[in-house]
Amino acid sequence: MSSFDNKITARAHTNIALIKYWGKQNAKLKIPTTNSFSLTLDKFYTETSVTFKENYTADRIIFNGKPLSDSKAARIVALLDVIRGMANQDIYAEVNTTNMVPTSAGFASSSSGFAALAAAACKSIGLNLSKKELSRVARRGSGSACRSIYGGFVEWHKGLGDRTSFASPFNEQPDWNLNVIAVMVNQAEKTMSSTKGMEISKKTSPYYNAWKQVCKNDLKNIKKAIKNRDFEKLGSISEENAMRMHALTLSASPDYTYFDGKSLQVIKTIQSLRSNGIPCYFTMDAGPNIKVLVEPQNTDKVVQELKSLFSTDQIVVAAPGPGIEYL
Ligand code: 2P0
């Protein structure tokens, strides 16, 4: 009788960075150059089952019902290797992962994916980790995944190395009604991965040192804004931080950008709503989709305006979501 064969399923929600992570001090261990700060969302999540079995001769990775090619599975296998090393076990796993998104538009995210994988795999191999340790493991899969261990507002402490770089909750269940409207402007796969993009920006942007100071200030101020329930501060700090991150792409050599024409259309719509007295702010990550921060009393107005540009299934209204769950 095998001591393994323990199927564990975990669910993790994606998080949206309000203070962005854009660059590493250690690429192999995914130690960032700055702290970052996020909000976990309820509508987008990944469910992953992991079973380690003594009779397997290789890992089997199933993604949304289909086997993944070896090249695509490499990053998942690399995290399994880290976990095998921690457990001191030489044993393979079956991984079955499903991205749950409310529309067919897709909103794949490495943050929920690697958080769910870390949680399910660690438990299945017999490691009983604290959330802090789990956050460190998830980070090895994808930096932003370390924040998806927790719900609500979360800070990733950059630390100095593997042991000190992890996320912690700032406010896991904010008693503050907020919405994040996700606008899927384009589903095409990005041509510049975030891993590569942040490496080029750190190496070549003349503004990179200034970015580190920007993040320090923005982090301090966003925490104050949340404590004071100051939505306009929260929104404007997030929007400016996002634009300053994107300035690191435009100022890199070679330069690159994640904006497309439709992203700019959404941005102009948000700015125009704001100049008409509706507090709403945008943020954008390593892809053209836009997320709009808004308070519930104004959500419908913003959605209506966006519907003049996009179809209903391109617009998803999300709210703060929970941390890691075992099913
Ligand atoms: C973030 N992003 O803080 C930033 C803002 C995208 C823009 O974290 O190289 O997939 O695997 O650590 O976590 C996306 O980068 O990168 C990301 P790796 P990751 O959410």
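Reading the values: the criteria
Numbering of residues begins from 1 in every chain and follows the order in which that chain's sequence is written. Local features in a predicted model are, by the rule used here, given only for residues with pLDDT of at least 70; side-chain atom pairs are given and counted only at 80 or more, and totals for whole chains, interfaces and linings are based on all residues. Only heavy atoms go into the side-chain values, all of them from the structure, while hydrogens and water stay out. What makes two strands pair is DSSP finding at least two bridges between them. Each helix corresponds to a stretch of at least 4 residues labelled H or I by DSSP, and each strand to a stretch of at least 2 residues labelled E; elements are numbered beginning at the N terminus. With axes taken as lines fitted to C-alpha atoms, and helix axes fitted only over the stretch in contact, angles between N-to-C directions fall between 0 and 180 degrees. Note that the domain bounds were set by an automatic or database domain assignment. Residues are treated as being in contact if the distance between any of their heavy atoms lies within 4.5 Å. Salt bridges are identified by distance alone: a Lys or Arg side-chain nitrogen within 4 Å of an Asp or Glu carboxyl oxygen. What qualifies as a polar contact is a pair of N or O atoms within 3.5 Å, subject to a donor-acceptor requirement within protein and to the restriction that residues adjacent in sequence count only when both atoms come from side chains. Each residue receives one of three labels: charged for Asp, Glu, Lys and Arg, nonpolar for Ala, Val, Leu, Ile, Met, Phe, Trp, Tyr, Cys and Pro, and polar for the others, Gly being one of them. The cutoff for a nearby residue is simple: one of its non-hydrogen atoms must lie within 4 Å of the molecule or strand. Under the convention used here, a 1.4 Å probe and the Shrake-Rupley method define accessible areas, while residue burial counts only the protein chains that appear. Buried Ala, Val, Leu, Ile, Met, Phe, Trp, Tyr and Cys residues that are joined via side-chain atoms within 4.5 Å together make up what is termed a nonpolar core. Between buried and exposed lies partly exposed: a residue is buried under 20% and exposed over 50% of the maximum accessible area for its type, with that area taken using a 1.4 Å probe on protein chains only. One less than the residue count of a helix, multiplied by 1.5 Å, gives the span that helix is expected to have. In this description, the arc belongs to the directions extending from the helix axis to the C-beta atoms.

Draft legend 1. A look at the sheet that holds strand β12 (residues 290–294). Ordered in space as β11-β12-β10-β13, the 4 strands form an open sheet in which the pairing is antiparallel. Two strands bound the open sheet, and with one partner strand each, they are β11 (280–284) and β13 (315–318). Across the sheet, the axes of successive neighbouring strands diverge by a mean angle of 25 degrees, strand direction being ignored. Where β11 and β12 come together, 5 bridges link them in antiparallel fashion. The residue of β12 that forms the bridge with T283 is K291.

Draft legend 2. Focus on the domain arrangement of the protein chain. In terms of domain boundaries, the protein chain breaks down into domain 1 (8–174) and domain 2 (179–318). Centre-to-centre, using C-alpha coordinates, domain 1 lies 23 Å away from domain 2. Each partner contributes to the interface: domain 1 provides 31 residues, whereas domain 2 provides 43 residues. There are 2 salt bridges connecting domain 1 and domain 2. Here K20 and D285 are joined by a salt bridge, their closest N and O atoms 2.6 Å apart. In this structure, the connection of domain 1 to domain 2 is made through 9 residue pairs in polar contact (both at pLDDT 80 or more). Considering each element in turn, the side of domain 1 that touches domain 2 owes the most residues, 6 residues, to strand β4 (residues 36–53). Partitioned by chemical class, the residues of the side of domain 1 that touches domain 2 number 15 nonpolar, 9 polar and 7 charged.

Draft legend 3. Representation of the site of the ligand. Of all residues adjacent to the ligand, which total 18 residues, the nearest are Y21, K24, R75, R147 and T195. Within the side chain of R75, one N or O atom sits 2.3 Å away from an oxygen atom of the ligand. Residue G143 places a main-chain N or O atom 2.8 Å away from an oxygen atom belonging to the ligand. Its free accessible area being 460 Å², the ligand has 94% of it covered by the protein chains. Here the shell around the ligand takes 3 residues from helix α4 (residues 194–204), the largest share from any one element. Along the lines of polarity and charge, the residues of the shell around the ligand split into 6 nonpolar, 6 polar and 6 charged. Among the domains, domain 1 (8–174) and domain 2 (179–318) are the pair contributing at least three residues each to the shell around the ligand.

Draft legend 4. Spatial organisation of the nonpolar core. With 98 residues, the main nonpolar core has W22, F52, F153, I181, L234 and V302 as its most contacted residues. Here this core spans two domains, and each of domain 1 (8–174) and domain 2 (179–318) adds at least three residues to it. Setting aside anything within four residues of it in sequence, one finds V302 in contact with I181, I270, L273, I278, C280, V292 and V294.

Draft legend 5. A look at the pairing of strand β8 (residues 153–157). Of all 5 residues that make up β8, 4 are buried, and the element is covered over most of its length. Across 4 bridges, the pairing between β4 and β8 is antiparallel. Note that in β8 the partner of S36 across the bridge is W156. Taken together, the 5 bridges between β8 and strand β9 (residues 166–171) define a ladder with antiparallel strand orientation. Counted as the bridge partner of V154 is P169 from β9.

Draft legend 6. Inspection of helix α5 (residues 208–227) at higher detail. Counted at 1.5 Å a residue, the expected span for α5 with its 20 residues is 28 Å, and the 29 Å between its end C-alpha atoms agrees. Residues of α5 that are buried include every one of Y208, W211, V214, C215, D218, L219, I222, A225 and I226, and no others. On an axial view of α5, the arc spanned by its buried residues comes to 140 degrees, and they lie on one face. Turned more than 90 degrees off the buried face of α5, the exposed positions are N209, K216, K220 and K227. Check the buried side of α5 and you find it contacts β1 (8–19), β4, β8, β9, α4 and α6 (231–250). Two residues or fewer after α5 comes R229, characterised by a positive phi angle close to 50 degrees.

Draft legend 7. Structural context of the environment of N177. Summarising the element assignment, N177 is placed in the loop between β9 and β10 (179–183). Look at N177 and you get exposed, because its relative accessible area is 58%. With 118 residues separating them in the primary sequence, N177 and E295 have C-alpha atoms 6.5 Å apart. If sequence neighbours within four positions are ignored, N177 has contacts with E295 and P296.

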